Structure formats: C-alpha cells, structure tokens
Amino acid sequence: MSVVDLVATAAGLPQAWSSRRLGQVGETCVKVLRMDELSVEQESHDADEALIVLDGRLELDVNGTSVSVRAGELYMVPAGTTHAVRPGSHGALVIVESAEQ
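## A short note on the overall build of the chain
Part 1: The secondary structure content of the chain amounts to one helix and eight strands.
Part 2: Each helix and strand of the chain, ordered N terminal to C terminal, gives the series α-β-β-β-β-β-β-β-β.
Part 3: For 101 residues, the compact-globule estimate of 2.2 N^0.38 gives 13 Å, and the chain sits close to it at 13 Å.
Part 4: Structurally, the chain occupies a C-alpha span of about 40 × 30 × 20 Å along its principal axes.
Part 5: The buried share of the chain, taken over its 101 residues, is 36%.
Part 6: Accessible area of the chain: about 5,700 Å², with a carbon and sulfur share of 50%.
Part 7: Here the chain holds 7 positive side-chain charges and 15 negative ones, and the gap between their average locations is 6 Å.

## Regarding the environment of R34
Part 1: Tracing the backbone through its elements, the reader meets R34 in strand β2 (residues 28-35).
Part 2: Look at R34 and you get partly exposed, because its relative accessible area is 22%.
Part 3: Separated by 3.4 Å, the side chain of R34 and the backbone oxygen of P14 make a polar contact.

## Observations concerning the side chain of E49
Part 1: Assignment of secondary structure puts E49 in strand β4 (residues 49-62).
Part 2: K31 provides the closest opposite charge to the buried, unpaired E49, separated from it by 6.5 Å.
Part 3: Reaching out from E49, the side chain makes a polar contact with the side chain of H83 at a distance of 3.1 Å.
Part 4: Once you skip the residues sitting within four places of it in the chain, E49 turns out to touch Y75, M76, V77, H83, I95, V96 and E97.

## Overview of the environment of A79
Part 1: Along the chain, the position of A79 falls in the loop between β6 (74-77) and β7 (83-85).
Part 2: For the pair A79 and H45, spaced 34 residues apart in sequence, the C-alpha to C-alpha distance is 5.6 Å.
Part 3: Dropping the residues within four chain positions of it, A79 is found in contact with H45, D46, A47 and D48.

## Details of the pattern of salt bridges
Part 1: Taken as a whole and judged by the stated rule, the model has four salt bridges.
Part 2: Among the salt bridges present, the one from E97 reaches K31, with a minimum N-O distance of 2.4 Å. Taken as a pair, E97 in strand β8 (residues 90-98) and K31 in strand β2 lie far apart in primary sequence, 66 residues in all. In this pair, the class of E97 matches that of K31, namely buried.
Part 3: The residue E59 makes a salt bridge to R86 at a minimum N-O spacing of 2.2 Å. Here the residue E59 occupies a position in strand β4, and R86 occupies one in the loop between β7 and β8, the gap between them amounting to 27 residues.

Cut-offs used in this document
Residues numbered from 1 in each chain as written. Predicted model: local features only at pLDDT ≥ 70, side-chain atom pairs only at ≥ 80, totals over all residues. Heavy atoms only, no water. Helix = DSSP H or I, 4+ residues; strand = E, 2+ residues; numbered from the N terminus. Rg over C-alpha atoms; globule rule 2.2 N^0.38 Å. Buried < 20%, exposed > 50% of the residue type's maximum accessible area, 1.4 Å probe, protein only. Areas by Shrake-Rupley, 256 points an atom, 1.4 Å probe, with all protein chains shown as cover. Lys, Arg positive; Asp, Glu negative; His and termini not counted. Charge placed at Lys NZ, Arg CZ, Asp CG, Glu CD. Polar contact = N/O pair within 3.5 Å; in protein donor to acceptor, adjacent residues only side chain to side chain. Salt bridge = Lys/Arg side-chain N within 4 Å of Asp/Glu carboxyl O. Contact = heavy atoms within 4.5 Å.

Fair warning: the whole summary comes from geometry, so function is off the table for now.
As structure tokens, then:
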C-alpha cells in the first residue's frame, strides 16, 4: 500500500459518517471518515474503540457526559460504553476498532 493522505481521503468521501476501511492490522481495522455537523445515534461495541481526530472536532456524549475531542487528540471508548455523536462535530476522524465490528 502506498502513503495515504488521511484528511484528503476523508474529505473525498461522498457521505459523512460513512467510513472507508483503509486496512487491517492483526484483528484491528483502521477506518477514516468525514464528520459533519449532524448527530449520530448512540451505540456501543463489544471491543474497545480508538477515535483519533485528524482535523476539526468530535463532540461526544459518553454515558451522559459531554466529551470534546480536538484535532490531534485520541479518545478511547471502552468496550460496552454507550456513546453518541452530538451536533457540532466536523472534520476528519480515524477509527481503530476490532475487525469483527
């Protein structure tokens, strides 16, 4: 695989919050997506999930607590934790999660 411009790849995606799988490392999948200002319904996963904001900001509700993740920051969502995207998120996001999800 060649070098991937993550921000450009996210910006070029046709639909916000629809991720593109970039690859797999062992049992872990690496995806990129473009965020928009809209909220996303709450969810939880059976495995931990890493959320890395490349640019912009990710606004989360994690078990009823507001969390802001800025460009260059990582937020780890523990397995089984209910989380939702709040309105106002924008930019590019990398998700590292179990390939089973």
